[in-house]
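What follows is each chain in one-letter form.
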Amino acid sequence: MTRFRHCATGLALSAVLFALSPVSTAQPAKKPVDPPATDPATMKVAKGFKVELIFSVPQSQDPTKTMGSWVSMCADAKGRLIVSDQYGALYRVTVAPPGAKGAPAIEKIPAAIGSAQGLLWAFDALYVVVNASNKSGLYRVTSSKKNDVLDTVELLRALEGGGAEHGPHAVLMNPDGKRLTVVCGNQTKLTKFNATKVAPVWGEDHLLPRVPDGNGFMKGTMGPGGAMYNVSPDGKNWELFSVGFRNQYDAAYNKAGDLFTYDADMEWDFNTPWYRPTRVCFVPPGSEFGWRNGAGKYPVFYPDTVAPVVNVGPGSPTGVCFGYGAKFPAKYQDAFFICDWSYGKLYATHLTPNGSTYKAELEEFVTGTPLPLTDIIINPVDGAMYFTIGGRKTKSGLYRVTYVGAESTEPSQPQPIGGEAGKQHQLRKNIAAAGEAKQPEFKKIFEMMEGADRVGRMQGRTALELHPKGDWQQLALNAQNPAVATQALLALVRVSASCPFHLKPGTPKPDPAVRAKVLEALARFDFAKLTDEQKLDVVRVYHVLFNRFGPPTADERKAWLAKYAPAFPDKNRFVNGELLQVFVYLQDEKAASIGMKLLKDAPTQEEQIEYARALRMLNTGWTPELRTGYFEWFVKAAAYKGGSSFGKFLKLIRDDAIVTLTPSEKTALKDLINADPATVKLPPEPARPFVKAYKLTDLTDALDKGLKSGRDYDRGRKLFAAGKCFACHRFDGEGGSNAPDLTGVAGRFSPRDLLESILDPSKEVSDQYAAVEIRTTDDRVIAGRIVNLNADNVMVNTNMLDPGSAVTVDRKAIESMRPSKVSMMPTGLMDTFKEDEVLDLMAYVLSRGDRNNAAFKK
């Protein structure tokens, strides 16, 4: 999402109650002209840590008295902090050491520069990334008289795309100690680069036409989106390192030299199959993260993108850093700290090597309301953590975090990566190094890809793409391992033909002989014997192949349909979604009947939308009954809930489908097409009969015995939808966003604890999702979850099943407010389930979250 949301949402209850203490209408409390920044006493802080408010940044209409709203920060060689107002000047802040008293000394830096979203002290200079209209770029600020007065500004590289919050962002030191790394969001145009780790063969690569954003946001903006560069200190040499981000504001390197970032979501996509939560990403060289506008974002299972280390959820990513140099316990020294502006959360991300990449656990380190976090650093001089809040002219503050507990704070020592993870990490690096040679040994690269994991094989593809295909084409065509072959063939397709949206003038037409050879190579794999991952990879190669080379010949089409018609539909819903697109692209007459059955049987709105989106481009194979059923689905879908663009996405899909109708079909469906969905009466969904009002004791024995084997996970998923769990909870890449993500629940709860939380949701309610009971001076009682604050307006969601429903309460009219003792999660959600259905539901949730859960090892 945008770097700073309009207002913070998802507010922690304890902080809300403090911030919204009722104001008496009889004697209104006098508000200070410039109230202080958020009091640390209202924050929830990790055990053993202390937060101090060092400086409350003054705000005033008088430009001589305001210091604005601080959004970026760094420390100079002396440990002094340098900060920037989002729309104004730079300041140098000298802070007393931890434990010492005294107000900080604040001085405005005289250099004529500001509006920085990236600051770094390196090579005896201050590097500044400015994000402002007509001024965006990378600058170097120095002292003309070498007297510690920063007064000289040098533009090293202008960058296009400033003035918006998706423009140029951070600058950090590269671990080689010789270069900088510059971070740019997806509204920054790619700048000229002298070298690249990313082969410039990217494209949109959608087999069917993309559905643009329903509200038109960034419509027409092509990939590859946000990028990262390695830059020489003089700003003359730029190396493109990674692409495909939405709006990653900052990045940091770990001790092993691996790069990490925290990328943004698009909240308008909520509850669509293309929604991607905010996420922590490991960024290997040459990587692509698949941002494309509208509904075109790459799913994480595509072989031409890299999956995140961990999904965080809705939010607005800002500053990040590792805890290196902090006087913290070792666990926190090695943590990757990430800031979420909108939800007021500072997370400690605990990373663990996992194959050639990493996995992570999130810990809420500091939370508060309002706490619009903007940037974070570890000061190498005093060993303390500093963070700023502010942005969009909101109240700003500078805070310090120190450890006051009993654990050792001795510097943590680098730990070598051992075992299989160590092997895979080294293999990935060896593949990357081999690809950078002037004359690579391509046979050796293919041999290494055979032993590599998914990210390592991706590294192999990027290595191939950086060199002429004539040197490795035959190796790709002859590859027998489907996991290696799909990456190699994908490389061959990408370097042999351009995406239609990225064609340069004079580009020759692609050679159809290459398409024929790739089709022949893919045809030798027995699709039924492939894993789900391999099936998805194979189908993705077809998507890119047909997108770039155009439709197959009549004989090629016939052969493809003969091979894949028996395999469709598949047992895996993601495979079905990808295959359906190819069948629609080829205008196969059976696509309508199979696609409509998939649509009818799909238990979630995300899966249904996936099929409806593909079927919108199908012209053939429709019967009157199938056409009617398709357009009746839009009536049903009008009741579905999602983000700001949700309804308009559905309208765009429907509008495209109408274009495919024949004149007679338009006449027959006229009333259904033009009807108000509220007036159309469809056959009601069959109601589930009441079975039992379960108690935990009713199911304890069955739970202990029934999860060991033989459970039906597919039915469990359908029951997860029937119980309306998907309406609020995100799980396995689909579902709502106004309740906890349950994807990793197996690692946090035992089966018994999980069942108890379903049967008795009010027994223990997370502070983050707790409801409040508000009584007003006009005798109203509002119970719900506070989801937004805006001046004196308090917005309360009163129905978790409808995240868009909110009641606005005037803060001045609040007579009392207290935590509700009742969870917003409804009770009785499993009263219509039979015992074996309860077990299938539990098995589905627990197994998908963690296949190694102890309940499944017995």
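Residues numbered from 1 in each chain as written. Predicted model: local features only at pLDDT ≥ 70, side-chain atom pairs only at ≥ 80, totals over all residues. Heavy atoms only, no water.

1. Quick notes on the layout of surface pockets
Going by this rule: Using a 1 Å grid laid over the protein atoms alone, points where a 1.4 Å probe fits but cannot get out form a cavity; open sets with protein on both sides within 12 Å along at least 5 of 7 lines form a pocket; any residue with an atom within 4 Å of a point counts as lining. Grid points are joined across faces, edges and corners, and a volume is the space filled by probe spheres set on the points. In this description a helix means any DSSP run of H or I spanning at least four residues, a strand means any run of E spanning at least two, and both kinds are numbered starting from the N terminus. The classification used treats Ala, Val, Leu, Ile, Met, Phe, Trp, Tyr, Cys and Pro as nonpolar, Asp, Glu, Lys and Arg as charged, and all other residues, Gly among them, as polar.
In this structure, the second largest pocket spans a volume of roughly 1700 Å³. Together, 41 residues line the second largest pocket, and Pro603, Gln608, Lys636, Tyr640 and Glu685 are the ones closest to its centre. Elements represented by at least two residues in the lining of the second largest pocket include exactly helix H12 (591-601), helix H13 (605-615), helix H14 (624-637) and helix H19 (713-722). Sort the elements by how many residues they give to the lining of the second largest pocket and H14 lands first, with six residues. By residue class, the composition of the lining of the second largest pocket is 21 nonpolar, seven polar and 13 charged.

2. Some remarks on the nonpolar core
In plain terms, the rule: Joining through side-chain atoms within 4.5 Å is the link that ties buried Ala, Val, Leu, Ile, Met, Phe, Trp, Tyr and Cys residues into a set, and such a set is a nonpolar core. Residue burial is assigned from relative accessible area. The probe radius is 1.4 Å, only protein chains are included, and a residue is buried under 20% of its type maximum, exposed over 50%, and partly exposed in between. Any pair of residues with heavy atoms lying within 4.5 Å of one another is described as a contacting pair.
Among the nonpolar cores identified, the biggest contains 92 residues, and Ile445, Phe527, Trp560, Leu579, Tyr630, Phe631 and Trp633 are the most heavily contacted of them. It is helix H9 (residues 532-549) that contributes the most residues to this core, nine residues altogether. Those residues within four positions of Trp560 in sequence are excluded, and the remaining contacts are Tyr542, Leu579, Val582, Phe583 and Leu586. One finds Leu703, Leu755, Ile758 and Val838 within the second-largest nonpolar core, a separate group that totals 29 residues.

3. Some thoughts on the pattern of salt bridges
In plain terms, the rule: Take a side-chain nitrogen of Lys or Arg and a carboxyl oxygen of Asp or Glu: if they are within 4 Å of each other, that pair is a salt bridge.
Throughout the structure, instances matching the rule amount to 46 salt bridges. Residue Glu107 is joined to Arg92 by a salt bridge in which the shortest nitrogen-to-oxygen separation is 3.3 Å. One end of the pair, Glu107, is in strand S6 (residues 105-108); the other, Arg92, is in strand S5 (residues 90-94), and 15 residues separate them in sequence. Given the relative accessible area of 35%, Glu107 is considered partly exposed. What makes Arg92 buried here is its relative accessible area of 6%. When the shortest N-O distance is used, the salt bridge between Glu465 and Arg461 registers 3.3 Å. Remark: Arg461 and Glu465 occur in helix H5 (residues 454-465); sequence separation between them is four residues, near one turn of the helix. The exposure class assigned to Glu465 is buried, which follows from its relative accessible area of 7%. Through salt bridges with shared partners, one network takes in Asp76, Lys78, Arg80, Arg92, Glu107 and Asp148.

4. Examining the sheet that holds strand S7 (residues 116-122)
The condition is simple: Two strands make a pair as long as DSSP finds a minimum of two bridges between them. Fitted lines through C-alpha atoms give the axes, limited to the stretch in contact for helices. The angle between two N-to-C directions lies from 0 to 180 degrees.
Taken in spatial order, the four strands of this open sheet run S7-S8-S9-S10, and their pairing is antiparallel. On the outer flanks of this sheet lie S7 and strand S10 (152-158), each paired with one strand and no other. Ignoring which end each strand starts from, the neighbouring axes of this sheet average 20° apart. Strand direction decides the pairing type here: strand S8 (residues 125-130) and strand S9 (residues 137-142), joined by five bridges, are antiparallel. Looking across to S9, one finds that Val130 is bridged to Gly137.

5. Some thoughts on the pairing of strand S23 (residues 357-367)
Pairing between strand S1 (residues 44-45) and S23: two bridges, direction antiparallel. Its bridge partner being in S23, Val45 is matched across the sheet by Val366. Pairing between strand S22 (residues 345-354) and S23: 10 bridges, direction antiparallel. Its bridge partner being in S23, His350 is matched across the sheet by Glu361. Where S22 folds back onto S23 in an antiparallel hairpin, the turn is made up of two residues, including Gly355, whose phi is positive at roughly 65°.

6. Here's the deal with the sheet that holds strand S17 (residues 259-263)
Two orientations exist for strands paired in a sheet by backbone hydrogen bonds: parallel and antiparallel. Pairing in this open sheet of four strands is antiparallel, and the strands run S16-S17-S18-S19 from one edge to the other. In the strand order of this sheet, the two ends are held by strand S16 (251-253) and strand S19 (310-313), each with one partner. When the angles between neighbouring strand axes are averaged without regard to direction, this sheet yields 20°. The pairing of S16 with S17 spans three bridges and is antiparallel. The partner of Ala252 across the bridge, within S17, is Phe260.

7. Points about the packing of aromatic side chains
In this description, an aromatic ring pair is defined by two values, namely the gap between the centres and the angle between the planes. The cut-off we apply is this: Only centres within 6.5 Å qualify two rings of Phe, Tyr or Trp (six-membered ring in Trp) as a pair; their planes then separate them into stacked at under 30 degrees, edge-to-face at over 60, and tilted for everything else.
With the rule as written, the count across this model stands at 43 aromatic pairs. Taken together, a centroid distance of 4.7 Å and an interplanar angle of 25° make the contact between Phe245 and Phe289 stacked. One end of the pair, Phe245, is in strand S15 (residues 238-245); the other, Phe289, is in the loop between strand S18 (278-283) and S19, with 44 residues separating them in the sequence. On the basis of an interplanar angle of 90° and a centroid distance of 5.4 Å, the ring pair of Tyr630 and Phe631 is categorised as edge-to-face. Across the pair, Phe631 and Tyr630 agree in class, each one buried.

8. Focus on the side chain of His543
Considering the arrangement of structural elements, one finds His543 in helix H9. Excluding its chain neighbours within four sequence positions, the residues that come into contact with His543 are Leu207, Tyr302, Glu578, Gln581 and Val582.

9. Brief notes about the pairing of S15
Across the eight residues of S15, eight count as buried, placing the element largely inside the fold. Sheet topology places strand S13 (residues 195-196) next to S15; two bridges connect them, and they run parallel. Each bridged residue has a counterpart across the sheet, and for Ala195 the counterpart in S15 is Glu239. Between strand S14 (residues 226-231) and S15, which pair antiparallel one after the other, the connecting turn spans six residues, and Gly235 there sits at a positive phi close to 75°.

10. Here we look at the packing of helix H3 (residues 419-435) against helix H4 (residues 442-451)
Condition: Note that the term roughly parallel is reserved for angles under 35 degrees, roughly antiparallel for angles over 145, roughly perpendicular for angles of 65 to 115, and oblique for everything else. Left-handed describes a crossing whose near helix is turned anticlockwise from the far helix by less than a right angle; the clockwise case is right-handed.
At their nearest, the axes of H3 and H4 sit 10 Å apart, and the two run at 160° to each other. One finds that H3 runs roughly antiparallel with respect to H4. In this structure, H3 meets H4 at a crossing whose hand is left-handed. Across the interface between the two elements, Gln424, Leu427, Asn430, Ile431, Ala434 and Gly435 from H3 touch Ile445, Met448, Met449 and Gly451 from H4. When its residues are assigned to classes, the contact of H3 with H4 shows six nonpolar, four polar and no charged.

The analysis is restricted to geometry; functional conclusions fall outside its scope.
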